[in-house]
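A look at the structure
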Amino acid sequence: MLTRKQFIKTGAGAATATAVLPGLPVARAGGAKKFKLAWTIYVGWMPWPWAADKGIVKKWADKYGIEIEVIEVADYPTSINQYTAGAFDALTITNMDTLAVPAVGGVDSTSIITGDYSNGNDAVILKDKTKFTDLKGQKVNLVQYSVSQYLFDRGLEKHHMSERDVRIVNTSDADMAAAWMTRAVTAVVTWNPIVQEIMKNADAHEVFTSAQIPGEILDLCIVRTDVLKAHPEFAKALTGAWYETLGIMLSDSAEGKAARTAMAKLSGTDLEGFDAQLKTTHLFADPAGAAAFTRSAQLVKTMEYVRTFLFRHGLMGQGATSPNVVGIAFPDGKILGDKRNVKFRYTSDFMRMAAAKKL
C-alpha cells in the first residue's frame, strides 16, 4: 500500500484519477443508479454502518429510487487511494486528506456533509513532563503527514517553536500505544482511542489537543463532483440518512443508548469508551449549524492553514511552486488557489435542505 506521501510524490493520484485500480469494483456502470460509500472506523463515522444495518440508508435510497452500498475499508489510507482511483462514489475523510490526495491527484470532490470536528480526540502527550515547551530537543513519535503532524505543527506555531526544535519519528498508529510503554519514547501525537489508552498511564500528560484548534480537523462526507452533478439524489439520500441517524444516536433514550452501544462494539470499544470519544468530538447534530459553519469565514481560514501545511511538507504534488496549485471552492463563491483547477468544493446545500426539512 502506498503511503500518502508516496501516493502524491509518485504522481499516482493523477495516474489513477480516470482509471480503476485492478480488481476493484467500478463505482457505477451503464448509468445504473447504484452508488458506493466507503467508511473506516472512527467515532465520527460510526453512524454510517449502523444506519446501513438498521435500514435507514436503504429507506432514504428507496425514496430517491437508487441503491446505496455502505462499505467498510479496513485501512483509512487504502480507502482514500481506492476512492481516488474510482472504486467509490463517496467517502468519509478529513478535510486535510481530501486536499492532500484526491484533490492533488486530480479528482474533483465535493464535501456534502460537514460531520464533526475533533475537539480533543487528537493530542500531544508527554511522558513525565507537563508543558508543551518541554518538547524542545525531544523525539516526537507520530504518523508523519497525517492530521497528527498538522496538530503538532499548529501547537508548535502557537508556542513560537518549529519542527527544527524536535526530531520527528514516523510511527504507525498501530504501534503507538506499545511504543509509549518503551523507555525511548517520551512524546507522541496521536488520536482516539489510542489517546485514551495512553492516558491511563500515570506518567502521561496532554500538553496540546485539537480542542485548542476547534473546527480545524474536520470529518467530512465527500462525493465525486461528476457523480454529484449527474445524481444529486445520491447526496440527498446520504444527507437524509445521516441526520436521521444522528437524531437517534444522540437522543437520551433507550434507542439512542442501543445505537451507541452497537457503534461502540463495531469500533472495538464499549459504550463508556465510545461516549468518552463523543465528548471530544463536536458532532454537528443540527444541520443548520453544520451549514452555517460550512459557510463561515472560519472554514476559509482553516483551509488556508491546511494548504500551507501541505505545501510546506511537499504534499501539494510534484512541481508545486505554491499552495495555489489546487483550487478550493466555498459555498459563497470564494476560491483559494487556482480558479482554473478547482478540485475540492464545499457545499452547504444539502445540509440546508435537511434543516428546512426539504429532503
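Bear in mind that the values here come from a model prediction, so they are computed numbers and not experimental data.

Attention now goes to the overall build of the protein chain. The helix and strand inventory of the protein chain stands at 16 helices and 14 strands. For 359 residues, the compact-globule formula gives about 21 Å, and the C-alpha radius of gyration of the protein chain, at 20 Å, lands near that figure. Taking the principal axes of the C-alpha coordinates as reference, the protein chain spans close to 60 × 55 × 40 Å. Within the protein chain, buried positions represent 55% of all 359 residues. Summarising the internal contacts of the protein chain: among those between residues at least 6 apart in sequence, 77% fall at separations of at least 24. The average position of the 41 basic charges and that of the 37 acidic charges among the side chains of the protein chain differ by 5 Å.

Moving on: helix α13 (residues 271-279). Buried within α13 are the following residues: L271, G273, F274, Q277 and L278. Angularly, the buried residues of α13 cover 165° about the axis, an arc narrow enough to put them on a single face. Seen from the buried face of α13, the exposed residues on the opposite side, beyond 90 degrees, are E272 and K279. On its buried face, α13 is in contact with α9 (194-198), α11 (232-249), α12 (254-266) and β11 (281-283).

This part is about the packing of helix α5 (residues 76-85) against helix α6 (residues 95-103). Between two packed helices, the angle of one axis relative to the other and the distance separating the axes together describe the packing. Running from amino to carboxyl end, α5 crosses α6 at an angle of 50°, the nearest separation of the two axes being 9 Å. On the basis of the axis angle, α5 is oblique to α6. Pair α5 / α6 crosses with right-handed handedness. Residue-level contacts link Y76, I80, N81, Y83 and T84 of α5 to D97, V101 and P102 of α6. A breakdown of the residues in the contact of α5 with α6 according to their chemical character gives five nonpolar, two polar and one charged.

The subject of this paragraph is the side chain of T294. Among the secondary structure elements, T294 is positioned in helix α14 (residues 287-294). Judged by relative accessible area, T294 falls into the buried class, the value being 1%. For T294, the side chain forms a polar contact with the side chain of T114, separated by 2.7 Å. There is a polar contact of 2.7 Å between the side chain of T294 and the backbone oxygen of A290.

Packing of α6 against helix α15 (residues 297-312) brings their axes to within 10 Å, and their N-to-C directions diverge by 45°. As far as their axial angle goes, α15 and α6 are oblique. In this structure, the crossing between α6 and α15 has a hand that is right-handed. Each of N95, M96, L99 and A100 in α6 lies in contact with α15, whose residues at this interface are T302, M303, V306, R307, F309 and L310.

Counting across every chain of the model gives twelve aromatic pairs. Geometrically, the ring pair formed by Y117 and F284 is edge-to-face, given 5.7 Å between the ring centres and 65° between the ring planes. One end of the pair, Y117, is in strand β4 (residues 109-118); the other, F284, is in the loop between β11 and α14, with 167 residues separating them in the sequence. The pair Y117 / F284 is uniform in exposure class, with both members buried. Ring pairs connect the aromatic residues Y42, W45 and Y76, which therefore count as one cluster. Over the face of the ring belonging to W180 we find K127, whose NZ or CZ atom lies 4.8 Å from the ring centre.

With that out of the way, let us pick up the pattern of salt bridges. For the structure shown, the criterion picks out eleven salt bridges. Ionic pairing is found between K59 and E244, a salt bridge with its closest N-O pair at 2.6 Å. On the criterion of sequence distance, the pair formed by K59 in helix α4 (residues 56-63) and E244 in helix α11 is long-range, its members being 185 residues apart. The class of K59 is partly exposed, set by a relative accessible area of 45%. A salt bridge links R154 to E216, with the shortest nitrogen-to-oxygen separation between them at 2.8 Å. Of this pair, R154 sits in helix α7 (residues 147-158) while E216 sits in the loop between β9 (204-209) and β10 (218-224), and the two are 62 residues apart along the sequence.

Moving on: helix α8 (residues 173-180). Buried residues of α8: M176, A177, A179 and W180, and no others. Across the axial projection of α8, the buried residues extend over an arc of 165°, all falling on one side. What points out from α8, more than 90 degrees from its buried face, is the exposed set A174 and A178. Lining the buried residues of α8 we find β5 (122-127), β6 (139-142), β8 (187-191), α9 and β9.

You can see G65 is positioned in the loop between α4 and β2 (67-72). Residue G65 is classed as exposed on the basis of its relative accessible area, which comes to 55%.

Below, the discussion takes up the nonpolar core. L99, L135, F152, L238 and M303 are the most contacted members of the largest nonpolar core, which has 102 residues in total. Dropping the residues within four chain positions of it, L238 is found in contact with L37, W48, I68, A90, I112, I113, C221 and V223. I125, V143, M176 and I194 belong to the second largest nonpolar core, which has 14 residues in total.

Calculation criteria
- Residues numbered from 1 in each chain as written.
- Predicted model: local features only at pLDDT ≥ 70, side-chain atom pairs only at ≥ 80, totals over all residues.
- Heavy atoms only, no water.
- Helix = DSSP H or I, 4+ residues; strand = E, 2+ residues; numbered from the N terminus.
- Rg over C-alpha atoms; globule rule 2.2 N^0.38 Å.
- Buried < 20%, exposed > 50% of the residue type's maximum accessible area, 1.4 Å probe, protein only.
- Contact = heavy atoms within 4.5 Å.
- Lys, Arg positive; Asp, Glu negative; His and termini not counted.
- Charge placed at Lys NZ, Arg CZ, Asp CG, Glu CD.
- Arc of directions from axis to C-beta.
- Axes fitted to C-alpha atoms, helices over the stretch in contact; angles between N-to-C directions.
- Parallel < 35°, antiparallel > 145°, perpendicular 65-115°, else oblique.
- Left-handed = near helix turned anticlockwise from the far one by under 90°.
- Nonpolar A, V, L, I, M, F, W, Y, C, P; charged D, E, K, R; others polar.
- Polar contact = N/O pair within 3.5 Å; in protein donor to acceptor, adjacent residues only side chain to side chain.
- Phe/Tyr/Trp six-rings, centres within 6.5 Å; stacked < 30°, edge-to-face > 60°.
- Lys NZ or Arg CZ within 6 Å of the ring centre and 35° of its normal.
- Salt bridge = Lys/Arg side-chain N within 4 Å of Asp/Glu carboxyl O.
- Core = buried A, V, L, I, M, F, W, Y, C linked by side-chain atoms within 4.5 Å.

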